[in-house]
Amino acid sequence: MKGVILAGGNGTRLYPLTAVMNKHMLPVGKYPMVMHGVARMKEAGIKDILIVVGKNHAGGFLNLLGSGDQLGVNLSYRVQESSGGIADALRLAEDFTGNENIMVLLGDNIFTESLANAVQTFEGNRYGAQVFIKAVSDPQRFGVPILMNNRIQAIEEKPLNPLSKYAVTGIYMYSPSVYSIIKTIQPSDRGELEITDVNNIYISLSQLGFEELRGEWIDAGTHESLAKANKMTEHIHLEKIFHHPIENTNSMMLK
């Protein structure tokens, strides 16, 4: 399995912190936000990782992460020219993926549970896609799964009156069939290719599995949730996952 971290976007909900810095470079605990996603992928046994970035901040990711060699992973990069939605960003990974399954992380999703077992299960199951859900206090901010008979019947995007307490997190696994599905969807009212539309097609094909996250999880895309993410990760040491001290590409220790 290969990994894709989506780290583009304008981060408008975090302004003015994002006036001159990509939100995925903001500190979460001791580390820039994007490093958490890289660490969780490595922890799950995924070492070939593509990071999709916006054109205005590509240099910052290269300066921070480089080739990934010091972290024990192999990093590649693609530039998303405009903010066309999650599915639009994901389609840029088609050549990188080849015939392999992929794990996709939204770069502002911070979580504590290892996904190693989930990766192994997905590699051996019959589903074309899998999402991870989490009970939250504000499901109207997210895609909300409608659950029945231990299956997701549909996903509603940011509903005013959510039909469950769960959010679909920004953690997904897909077979290579996802690219064919992306090519069939149309932009939403906000002009974006929505990942919820992709997942609903998998539901219609009886090809969407799901798992409830047991550890902590947060979407660190607002000022309030970023503060909570910092609190949640204050005792997390990614060096334990990377197996050696984290240095930047100029061999200077991150403080």
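Residues numbered from 1 in each chain as written. Predicted model: local features only at pLDDT ≥ 70, side-chain atom pairs only at ≥ 80, totals over all residues. Heavy atoms only, no water.

- Within an unreviewed UniProt entry, the label attached to the chain reads Glucose-1-phosphate thymidylyltransferase, and the organism entered is Alkalicoccobacillus porphyridii.

A word on the overall build of the chain
- If you tally the helices and strands in the chain, you get 9 helices and 13 strands.
- At 17 Å, the chain has a C-alpha radius of gyration in line with the 18 Å of a compact globule built from 255 residues.
- Considered along the principal axes of its C-alpha atoms, the chain spans approximately 50 × 40 × 35 Å.
- For the chain, with 255 residues in total, the buried portion stands at 53%.
- Carbon and sulfur atoms form 49% of the exposed surface of the chain, whose accessible area is close to 11,900 Å².
- Charge separation in the chain, taken as the distance between the mean sites of 23 positive and 26 negative side-chain charges, equals 3 Å. (Helix = DSSP H or I, 4+ residues; strand = E, 2+ residues; numbered from the N terminus. Rg over C-alpha atoms; globule rule 2.2 N^0.38 Å. Buried < 20%, exposed > 50% of the residue type's maximum accessible area, 1.4 Å probe, protein only. Areas by Shrake-Rupley, 256 points an atom, 1.4 Å probe, with all protein chains shown as cover. Lys, Arg positive; Asp, Glu negative; His and termini not counted. Charge placed at Lys NZ, Arg CZ, Asp CG, Glu CD.)

Considerations on helix α5 (residues 116-124)
- Of all the residues in α5, the buried ones are Ala118, Val119 and Phe122. What you see down the axis of α5 is that its buried residues fit within an arc of 100°, all on one side. Of the exposed residues in α5, those oriented more than 90 degrees away from the buried face are Asn117, Gln120 and Gly124.
- For α5, the elements touching its buried residues are β6 (102-106), β8 (129-135), β11 (166-174) and β12 (208-212). (Arc of directions from axis to C-beta. Contact = heavy atoms within 4.5 Å.)

Some remarks on unusual backbone geometry
- Note the cis peptide between Tyr15 and Pro16, where omega equals 5°.
- Along the chain, Pro16 turns up in the loop between β1 (2-7) and β2 (27-28).
- Phi angles above zero are rare outside glycine, and Asn150 is one such case at about 60°.
- Inspection of the secondary structure assignment puts Asn150 in the loop between β9 (143-148) and β10 (151-157).
- Residue Asn150 is classed as exposed on the basis of its relative accessible area of 67%.
- A positive phi angle is found at Ser206, which is not glycine, with a value near 55°.
- Mapping Ser206 onto the fold places it in the loop between α7 (195-204) and β12.

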